[in-house]
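Descriptive analysis of the structure
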Amino acid sequence: MTINYSERIPNNVNLANDRTLQRALEHWQPRFLDWWKEMGPHDFAEADVYLRTAVGVDAQGWASYGAVKMPDYRWGIFLAEPIADRTIGFGDYYGQPAWQQVPGEFRSQFRRIIVTQGDTEPASVEQQHLLGHTCPSLYDLRNLFQVNVEEGRHLWAMVYLLHAHFGRDGREEAEELLARHSGDVDKPRILGTFNEPISDWLSFFMFTYFTDRDGKFQLKSLAESSFDPLARTCRFMLTEEAHHMFVGETGVGRVVKRTLEVMKELGTDDPVAIRKHGAIDLPTIQRYMNFWFTSSLDLFGSEVSSNAASSFANGIKGRPDEGQYEDHICAEMSYELETPQGKEIVSLRNAMNEVMRTSYIRDCEIGVKRWNMQIQRAGFEFRLALPSPRFHRSIGAWVNVPTDPQGNAISREEYDRLLPGWTPSESDRTFVKSLMQRVIEPGKMAGWVAPPDRGINNLPVAYEYVRLV
Ligand SMILES: [Fe+2]
Ligand SMILES: [Fe+2]
């Protein structure tokens, strides 16, 4: 399935055959571009950026690379190849043919889920609006912009579904996706994490590690959906998403690496000395991790959820990698939860959010292990750790339950007193921000982050990934 680039909107869905849909999307396109110019990367519209663009939808060789000015990026609609005779893989309709149209009775449920996913995509671009100004290198600047244009593409993916399958309501929702803005007092983005500012690069690396990984799990569960166009859209988005988490994992790893170099050089783990030397001490990295990890945990929703149960029953949203389970109906199964009141047995369908959150946490552990290997190899005792999912939560059973990062109950007074040592304090943020000085000489790196092991697409690290004007 090749992508047709000769049309105004690149696509592999035969858009030219559906004039009405094509016209509707061509009407939305200039609004998207206006949004990009206003809310996208600030001040870099004229820069030539070494970007990848999708040219096919199979996993191998799907992208081409080249210098592009971001407003000229070819955002389009790319669905993964259809699977012949695909059947529904979970829930009450298990085994029946997958749906090519949304069944009327599930229309609003599907719409809400597509809008919620769609809302996160432009939100992250808005959160990173000013970040380019303080890039630690041209390599990093390019990665930021790659992530940004692809989040823009993911917005297109959801808007296509809204336009193609939800009629007038869908078109209105597509407008609203450009009207809400991250952090806006009157019209904020739907989910909390996507209203948090990302004004320093340590936060950006944490966001791409933890929050883009939430995206990966949401997309994985939607890739199982009975509504086939949604499943195919999400399958291709996952291909793009992998790079975002690579940016996060290697980003944090490079910060840790640089910190370890400074610790060795100075022969101390004293945060004050390390900071004086222009690197970020490991306890500060831990506090940023505590913040972004716990905020991302909230994105999975409440532990017990009748919404999650009906999404599963109706075939809207499966479990990530549904194929790994034996029972795909889950009508009789139960799940043991830990709540502040003790253990609670609930029906598995009602616990689907928790099932997803648990696989997400396991995936988060992998990077943390790698970072700890680096610390261990450098000969230091310190270890980074994911905090307990009970800690610092804003959604679910553990809201307003004061615990330490290990999840032990403590008094409210103790919690309030100790929290600034567990999540980034004002002075942490001020310090991290003070390091954010723009470095734009090809091959040069800011002093708080180590260079990457290799460049993009086999190019050297010192390649001029962004040509500024
Ligand atoms: Fe995305
Ligand atoms: Fe992403």
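What comes next concerns the included structure. (Residues numbered from 1 in each chain as written. Chains lettered and ligands numbered in written order. Predicted model: local features only at pLDDT ≥ 70, side-chain atom pairs only at ≥ 80, totals over all residues. Heavy atoms only, no water.)

Ligation of the iron ion (ligand 1) by protein atoms is provided by Glu 121 (OE), Glu 151 (OE) and His 154 (ND1), these donors lying 2.0 to 2.2 Å from the ion. On the primary sequence, the residues serving as donors to the iron ion (ligand 1) are separated as E-x29-E-x2-H. (Donors = N, O, S within 2.8 Å, 3.2 Å for Na, K, Ca; no water.)

Attention now moves to the nonpolar core. By size, the foremost hydrophobic cluster in this structure holds 108 residues, and its most contacted members are Phe 210 and Trp 448. Counting residues per element, this core draws most heavily on helix α3 (residues 138-165), at 14 residues. In this structure, Trp 448 is in contact with Pro 136, Trp 201, Phe 205, Val 255, Arg 258, Gly 278, Ala 279, Ile 280, Leu 435 and Met 436, ignoring residues within four places of it in sequence. (Core = buried A, V, L, I, M, F, W, Y, C linked by side-chain atoms within 4.5 Å. Buried < 20%, exposed > 50% of the residue type's maximum accessible area, 1.4 Å probe, protein only. Helix = DSSP H or I, 4+ residues; strand = E, 2+ residues; numbered from the N terminus. Contact = heavy atoms within 4.5 Å.)

Along an α-helix, a turn takes 3.6 residues, which lines up residues three or four apart on a common side. For helix α2 (residues 107-127), which comprises 21 residues, the first-to-last C-alpha distance of 30 Å matches the rise-based estimate of 30 Å (1.5 Å per residue) to within 8%. The buried fraction of α2 is high, at 16 of 21 residues. (Expected span 1.5 Å × (residues − 1).)

In this section: the sheet that holds strand β1 (residues 48-54). Taken together, the three strands give an open sheet; going across it, the order is β2-β1-β5, and neighbouring strands pair in antiparallel fashion. Both edges of this open sheet fall to β2 (63-69) and β5 (466-467), since each of them pairs with a single strand only. Contacts from α3 reach β1, β2 and β5 within the one sheet, and its direction differs from that of β1 by about 40°. (Pairing = 2+ DSSP bridges. Axes fitted to C-alpha atoms, helices over the stretch in contact; angles between N-to-C directions.)

In this section: the pairing of β1. The buried fraction of β1 amounts to six of the seven residues, a majority that puts the element mostly inside the structure. In this structure, β1 lies alongside β2, joined through seven bridges in antiparallel fashion. Within β2, the residue paired with Val 49 across the bridge is Val 68. With two bridges connecting them, β1 and β5 associate as antiparallel partners. What sits directly across from Val 49, in β5, is Val 466.

This part takes up the coordination of the iron ion (ligand 2). Surrounding the iron ion (ligand 2) are the protein donor atoms Glu 151 (OE), Asp 212 (OD), Glu 241 (OE) and His 244 (ND1), which sit 1.9 to 2.2 Å from the metal. Because the angles between the four donor atoms bound to the iron ion (ligand 2) fall within 84 to 170°, the donor set is best described as irregular. Separation of the iron ion (ligand 2) from the iron ion (ligand 1) amounts to 3.5 Å, with Glu 151 serving as a shared donor to the pair. Taken together, the positions of Asp 212 in helix α5 (residues 201-222) and His 244 in helix α6 (residues 228-266) put the pair 32 residues apart, joining distant regions of the chain. Neither Asp 212 nor His 244 differs from the other in exposure class; each is buried. (Tetrahedral: all angles 85-135°; square planar, octahedral: opposite > 155°, others 65-115°.)

These results come straight from atomic positions and should not be treated as a statement about function.
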